[in-house]
Number of protein chains: 2
Amino acid sequence: MEARKIFLSEDEMPRQWYNILADIKMNPPLGPDGNPVTPDKLAPVFPMNLIEQEVSTERWIDIPEPVLDILSMWRPSPLVRALSLEKALDTPAKIYFKNESVSPPGSHKPNTAVAQAYYNKEFGIEKITTETGAGQWGSALSFACAQFGIECKVYMVRISFDQKPYRKSMMSVWGGKCVASPSTETKAGRDVLEKDPNTPGSLGIAISEAIEAAVTDETGKTRYSLGSVLNHVMLHQTIVGLEAKKQFEKIGEYPDIIIGCAGGGSNFAGIAFPFVHDKINGKEIEIYPVEPAACPTLTKAPFVYDHGDTAKYTPLLPMYSLGHAFVPPPFHAGGLRYHGMAPTVSQLAVEGIITPKAVTQLDAYKAGMILARSEGIIPAPETNHALACVVDEARKAKEEGREKVILFNWSGHGLLDLMAYDKYFSNELKDFELTEEEMLESEKVFENYPKPELIKSR
Amino acid sequence: MEARKIFLSEDEMPRQWYNILADIKMNPPLGPDGNPVTPDKLAPVFPMNLIEQEVSTERWIDIPEPVLDILSMWRPSPLVRALSLEKALDTPAKIYFKNESVSPPGSHKPNTAVAQAYYNKEFGIEKITTETGAGQWGSALSFACAQFGIECKVYMVRISFDQKPYRKSMMSVWGGKCVASPSTETKAGRDVLEKDPNTPGSLGIAISEAIEAAVTDETGKTRYSLGSVLNHVMLHQTIVGLEAKKQFEKIGEYPDIIIGCAGGGSNFAGIAFPFVHDKINGKEIEIYPVEPAACPTLTKAPFVYDHGDTAKYTPLLPMYSLGHAFVPPPFHAGGLRYHGMAPTVSQLAVEGIITPKAVTQLDAYKAGMILARSEGIIPAPETNHALACVVDEARKAKEEGREKVILFNWSGHGLLDLMAYDKYFSNELKDFELTEEEMLESEKVFENYPKPELIKSR
């Protein structure tokens, strides 16, 4: 009987996060005046300790003990050898995954939610506002806030709010308060509703509402939290890849290919960044962020300065972007429906250190079914996108007759997404590709913005 | 930072199940003629290798290697120290749980589903029929059958079929075929529908349908599978308690109190039987099966001979029973809605080796909320019943100022039961208690049946 799972004990958990800003150079975020944003400008939005982390270039940053303690409820997560999948694909490749679905909210999201709740609490904050698409992030932050006794308010994209009642229930279980976005509680929300009372909402609008709710709170004890995109979020997720490296050391292996799905970038960054460090230092590995063909930020959009939200409350971020007003076609993978991409992930793509891939919705669900029937765990729709790439690479390995080692990030389970699987079974899911015209149209918003430099870090 | 999880490696998995029939004496099951049922009578229903296991009195039975291999996808399951719960309850008790929610279907059920699928496959069976209430068992068996390439047909109690569409989706993901019961596919189903076309169905009816579908299949390649009650099912679940014992050895602890919810008995038996062996041999421990006050089999029903199903297809089993036609009030814990109780668990209760408890629905959900907000994992409604007892015992320990060690079985997660939590939040859940009259009425069915002996095993 071959071993399927490589565990670490809690003692072996990484004690520091890896900060990729020590290894790459970046364009700065820009304020409304066109100048780089200074930390004090962000102070009404985030607590200062997180702002310091956002701009830090220290390679290693200590994980606070109380954060490690909460993470140890489910971490270290198992590294799993996907023996049944290998058999199903009849491939010589060795396929491993980090199972991030084992957290209470069921995804990698609490890795940063717990850290952010902790830093807010330390800074004296009593309430956190945030947005959520399909609900993974809103539930992760609700869980984390419950651990530290902080209030949590979630603006949930209306179409998901209506279609995914159980993510709301999850938030309620952990004491989170969730409203549909656009809501009448904010100016940003009211403006959108006035133009289109029946709008399905979007992540960009929900972000605007959550930021507004934080900065306009008169107690001064409320801050905003973002579940992806920002540097400190990527930082907190690196515990995934750092654990994976330790686990591979235990079995004397090292991956040839690393794969993660990429929406805002945090799931991908979590597994990949610690290995990016090795690649920068000479390791020959392939690193693939995988996105939906219907929201092809890294694979088809330009590298520009753009806002992170629809109402343009955020600074201009240097990133691949489809335009801050972009609303993707209705494919089922809420976590991959963002118009932009984390600046750090964008910079790595600009430099050619990582190689973005796009897959269609049907290929993603097809791969998800192969996985569910072999490895048992039902993958989240987001994970399915990584899986489509894994299946591809495993087949290539077979054609080449090479025993490649593939590592991917199992970002979450699909137990609250079974409705989408039902649609797949009844042939109601279809593929979407954006036309050249649609892309040009949505990209008009940043036409007159400053352009980021094409920096080569070394 | 105190350790929260005690892991075993796959190498440390128990290689044998513990058979409680080596330690207790039992009344035999009786056939329609009033005589003990011989193995050959069961041959149309179960494969002979499982029938042999059902009647075996060997204390240790080897777990086949292919079963261990599939179980190792998620086993050994972690033993978790519930530090956050202890803090929330401010108790000196040390609380541990076996987290059985980590399996792909999300409960302890696949421990026996995998074993049963394996033995059926070994015996040349190509299709398995079964019933399911809330869907945990149907999905577990679908998962297991997918692993061995066997067809799986599930008769799902109609009210759950309508109210819990996602359990059906889960079965579909793993290739299981699910119909609402009563169905028109069987005589048992048609008979019920004729009397009451709008019946919500019951577990007893669904069992009848699944058995009928198996024994009337003309290929001879179909058998029936039951997810609880029978001796071999309890046997397969003992891996839970055997792992727990090894895990406690690692940390030099031993539980004073063992708690599991009990519907048909398999979740309770899994955690408890290996410790029952120690208790029989002199260990001073308390062992509590916990059932709903609205379906109080062990706590209020008599110990009798009764059928396991409504249509009286099964032999007469010596057990506590509310009567085979009993339909419990509509409380939300599908896995605890069975009219009877495993004969082995019943025998232990008769002998006073275990001490049954009953809790109300509201106390159960209240305890579930304490757990969800402290330990993070959202418990299945069934687990909530065990939790209510855990909370009670932890409070008692506080009153007595004693550092008791409590172990309970976290039978499954509640991610597909969030609808019931919503009802709890909106005060739609209520308590039900059966009246003396209702009980007497439902118990009329076994008035003229033979009576089991009150055996003392030693």
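Coordinates for the structure precede this section.
Keep in mind that what you see is a predicted model, and the values were worked out from it rather than measured. (Residues numbered from 1 in each chain as written. Chains lettered and ligands numbered in written order. Predicted model: local features only at pLDDT ≥ 70, side-chain atom pairs only at ≥ 80, totals over all residues. Heavy atoms only, no water.)

Right, let's get into the pattern of salt bridges. When their charged atoms lie close together, side chains carrying opposite charge are able to pair. Summed over all chains, the structure comprises 42 salt bridges over all chains. Residues R59(A) and D23(A) are paired through a salt bridge, measuring 2.4 Å at the closest nitrogen-oxygen approach. Here R59(A), found in the loop between α2 (48-55) and β3 (60-62), pairs with D23(A), found in the loop between β2 (16-18) and α1 (39-42); they are 36 residues apart in sequence, far enough to count as distant. Under the relative-accessibility criterion, D23(A) is labelled buried at 6%. The partner of K187(B) in a salt bridge is D191(B), with the nearest N and O atoms 2.8 Å apart. Of the two residues, K187(B) and D191(B) are both situated in helix α9 (residues 187-195); the distance of 4 residues between them amounts to about one turn of the helix. The class of K187(B) is partly exposed, set by a relative accessible area of 47%. The network of salt bridges with common partners includes R75(A), K98(A), E100(A) and E243(A). (Salt bridge = Lys/Arg side-chain N within 4 Å of Asp/Glu carboxyl O. Helix = DSSP H or I, 4+ residues; strand = E, 2+ residues; numbered from the N terminus. Buried < 20%, exposed > 50% of the residue type's maximum accessible area, 1.4 Å probe, protein only.)

Within the largest apolar cluster, 170 residues are counted, with the highest numbers of intra-cluster contacts made by V345(A) and V345(B). Among all residues touching V345(B), those that are not within four sequence positions of it are M234(B), G265(B), F268(B), A269(B), F273(B), L298(B) and I354(B). (Core = buried A, V, L, I, M, F, W, Y, C linked by side-chain atoms within 4.5 Å. Contact = heavy atoms within 4.5 Å.)

Another aspect to go through is empty space enclosed by the protein. Evaluation of the coordinates by the stated rule reveals 10 cavities of 30 Å³ or more. Each pocket or cavity is described by its volume, and for the largest cavity that value is around 730 Å³. Lining of the largest cavity is provided by 38 residues; of these, S101(A), V102(A), N99(B), S101(B) and V102(B) occupy positions nearest its centre. Elements represented by at least two residues in the lining of the largest cavity include exactly β5 (94-99) of chain A together with β5 (94-99) of chain B. Each residue belonging to the lining of the largest cavity can be placed in one class, and the counts come to 24 nonpolar, 9 polar and 5 charged. (1 Å grid on protein atoms, 1.4 Å probe; cavity = no way out; pocket = protein on both sides within 12 Å on 5 of 7 lines; lining within 4 Å. Points joined across faces, edges and corners; volume = space filled by probe spheres on them. Nonpolar A, V, L, I, M, F, W, Y, C, P; charged D, E, K, R; others polar.)

Now for the packing of aromatic side chains. One pass over the full model with this rule turns up 32 aromatic pairs over all chains. One aromatic cluster is present, formed by Y365(A), Y421(A), Y424(A) and F425(A) through successive ring pairs. Positioned over the ring face of Y254(A) is K283(A), at 4.0 Å from the centre of the ring. Sitting over the ring of Y288(B), K357(B) keeps its end group 4.3 Å from the ring centre. (Phe/Tyr/Trp six-rings, centres within 6.5 Å; stacked < 30°, edge-to-face > 60°. Lys NZ or Arg CZ within 6 Å of the ring centre and 35° of its normal.)

Below, the discussion takes up the side chain of K153(A). Residue and element names in this part refer to chain A. Inspection of the secondary structure assignment puts K153 in strand β7 (residues 151-157). Exposure remark for K153: the relative accessible area of 13% places this residue in the buried category. Those residues within four positions of K153 in sequence are excluded, and the remaining contacts are K127, I128, T129, T130, K177, V179 and E185.

Right, let's get into the relation of the copies chain B and chain A. When chain B is fitted onto chain A, the two copies agree to an RMSD of 0.0 Å after a turn of 180 degrees and an axial shift of 0.0 Å. Classification of the inter-copy transformation places it as that of a two-fold axis. Both copies contact each other with a shared surface, as 100% of the interface residues of chain B are interface residues in chain A too. (Least-squares fit on C-alpha atoms with pLDDT ≥ 70 in both.)

Across the boundary between the two partners, chain B contributes 46 residues, which contact 46 residues of chain A. Here chain B and chain A share an interface that buries about 3900 Å² over both sides, 61% of which is from carbon and sulfur atoms. The largest per-residue losses of area from chain B upon contact with chain A belong to M1(B), Y166(B) and V173(B), which jointly make up 19% of the total buried on that side. Where chain B packs against chain A, one counts 4 salt bridges. Between K5(A) and E10(B) there is a salt bridge whose closest N-O contact spans 3.0 Å. If you list the elements that add at least two residues to the side of chain B that touches chain A, you get α3 (65-71), α6 (136-148), α8 (165-173), α16 (361-375) and α18 (418-425) of chain B. Here the residues of the side of chain B that touches chain A sort into 26 nonpolar, 9 polar and 11 charged. (Buried area = accessible area lost by both parts, 1.4 Å probe.)

This brings us to the environment of M319(B). All names here are of chain B. Positionally, M319 belongs in strand β13 (residues 316-320). In this structure, the C-alpha to C-alpha distance between M319 and K246, residues 73 residues apart in sequence, is 31 Å. Sequence-distant contacts of M319, that is, excluding residues within four places in its chain, are made with P302, F303, V304, D306, H307, G308, H339, G340, M341, P343 and S346.

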